[in-house]
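Inside the fold
Here is what each chain is made of, one letter per residue.
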Amino acid sequence: MKPERLDKVLAAQSTWSRREVRELVDRGWVTVNGAPARRADQKIRWDEDRVAVAGKELTLRPRLYLMMNKPAGVVSATRDGGTTVIDLVPPELRRGGLFPAGRLDKDTTGLLLITDDGELAHRILSPKRHVPKTYLARLDRPVTGEMAERFAAGLPLAGEEVCLPARLVRVEEDLARVTLHQGMYHQIKRMFLACGARVVELRRVSMGALRLDESLAPGQCRELAPGELELLQSREDPWE
Ligand code: URA
């Protein structure tokens, strides 16, 4: 396991903020393998090192990254009146703190990342660093060149929002592949609506350079394989 900063590990796996962790370290309350931590940014291997705060040893555990093939009819939330994507995580992979990193509409299917790593979620979703997300959208009418041009130019939606330029590729007569660099509410459906088309089926097929594992049945999930976390954070287009 790669060494990581003590403050990052502690803040991610406790209720302390990074600043609070730094204070605890400065006050000498944190020990690593029995010796007082020297600095908050010292590197630890949390699968090997024993970390204690005020004499109490913490159980550090790896963060979990799951790829789910989200089925339709399930909400991308941790809690809801109905079934959530977290309810679909099998018991052997379930743990406290899991949440879907980014939302898909209830009727949207496909790639969803479920994790307990808030920092990673922020990295891939924050407007500044938003990794590209690609969807297959089935329409109620043919995909046109004009749609592609309007998506590429930055489409104004009803209201005053203007979308960032998005890439639209025609895959079949009524099937488009669309790559977004932002995540506005119902964005793909609203973009097509602004072009006079209705989305009848929507499926997310990649995030960053990570493509949905098509061997996952709807509702199934699996841990990310080595290297896939890097693909997730890459801005390269996996469809080129
Ligand atoms: N755009 C939508 O309209 N819905 C989604 O679920 C994702 C992107």
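Our subject is the structure that appears above.
Residues numbered from 1 in each chain as written. Predicted model: local features only at pLDDT ≥ 70, side-chain atom pairs only at ≥ 80, totals over all residues. Heavy atoms only, no water.

Right, let's get into the overall build of the chain. The helix and strand inventory of the chain stands at six helices and 15 strands. Here the chain holds 240 residues, and the buried ones make up 45% of them. Taking all contacts inside the chain whose residues are at least 6 apart in sequence as the whole, residues at least 24 apart take part in 64%. Accessible area for the chain stands at about 12,800 Å²; split by element, carbon and sulfur atoms hold 50% of it. The averaged location of the 35 negative side-chain charges in the chain is 3 Å from the averaged location of its 39 positive side-chain charges. (Helix = DSSP H or I, 4+ residues; strand = E, 2+ residues; numbered from the N terminus. Buried < 20%, exposed > 50% of the residue type's maximum accessible area, 1.4 Å probe, protein only. Contact = heavy atoms within 4.5 Å. Areas by Shrake-Rupley, 256 points an atom, 1.4 Å probe, with all protein chains shown as cover. Lys, Arg positive; Asp, Glu negative; His and termini not counted. Charge placed at Lys NZ, Arg CZ, Asp CG, Glu CD.)

Not every positive phi belongs to a glycine, and Asn 33 is a case in point at roughly 50°. Of note, the phi angle at His 186 is positive, near 50°, even though the residue is not glycine. Note that His 186 resides in the loop between strand E12 (175–180) and helix H5 (187–194).

With that settled, the discussion passes to the side chain of Asp 116. If you trace the backbone, Asp 116 turns up in the loop between strand E9 (109–115) and helix H3 (118–125). One polar contact links the side chain of Asp 116 to the main-chain amide nitrogen of Leu 64, over a distance of 2.9 Å. The residues touching Asp 116, leaving out its near neighbours within four places in the chain, are Arg 61, Pro 62, Arg 63, Leu 64, Arg 95, Gly 96, Gly 97, Leu 98 and Phe 99. (Polar contact = N/O pair within 3.5 Å; in protein donor to acceptor, adjacent residues only side chain to side chain.)

Take Leu 180: it is sitting in strand E12. Sequence spacing of Leu 180 and Arg 235 is 55 residues, and the spatial spacing of their C-alpha atoms is 11 Å. Setting aside chain neighbours within four positions, we find Leu 180 in contact with Val 131, Pro 132, Lys 133, Tyr 135, Ala 166, Gln 187, Ile 188 and Met 191.

Let's shift gears to the site of the ligand. Inspection of the region around the ligand gives Leu 104, Asp 105, Thr 108, Tyr 135, His 186, Gln 187, Ile 188, Lys 189 and Leu 202 as its neighbouring residues. Lys 189 is positioned with one of its backbone polar atoms (N or O) 3.1 Å from an oxygen atom of the ligand. No other element matches the three residues that H5 contributes to the shell around the ligand. (Near = heavy atom within 4 Å.)

Bringing the pattern of salt bridges into the picture now. Tallied over the full model, the rule gives 21 salt bridges. Measuring nitrogen to oxygen at the nearest pair gives 2.7 Å for the salt bridge that ties Arg 39 to Asp 41. We classify Arg 39 as partly exposed; its relative accessible area is 49%. Take Asp 41: its relative accessible area is 28%, and that puts it in the partly exposed class. Measuring nitrogen to oxygen at the nearest pair gives 3.3 Å for the salt bridge that ties Glu 240 to Arg 167. A residue pair is termed long-range when its members are at least 10 positions apart, and Glu 240 in the segment after helix H6 (228–232) and Arg 167 in strand E11 (residues 167–172) qualify at 73 residues. Looking at Arg 167, the relative accessible area reads 38%, which means it is partly exposed. Here the salt bridges share partners, and the residues they tie into one network are Glu 4, Lys 8, Arg 63 and Asp 117. (Salt bridge = Lys/Arg side-chain N within 4 Å of Asp/Glu carboxyl O.)

All we've got here are geometric facts, nothing functional implied.
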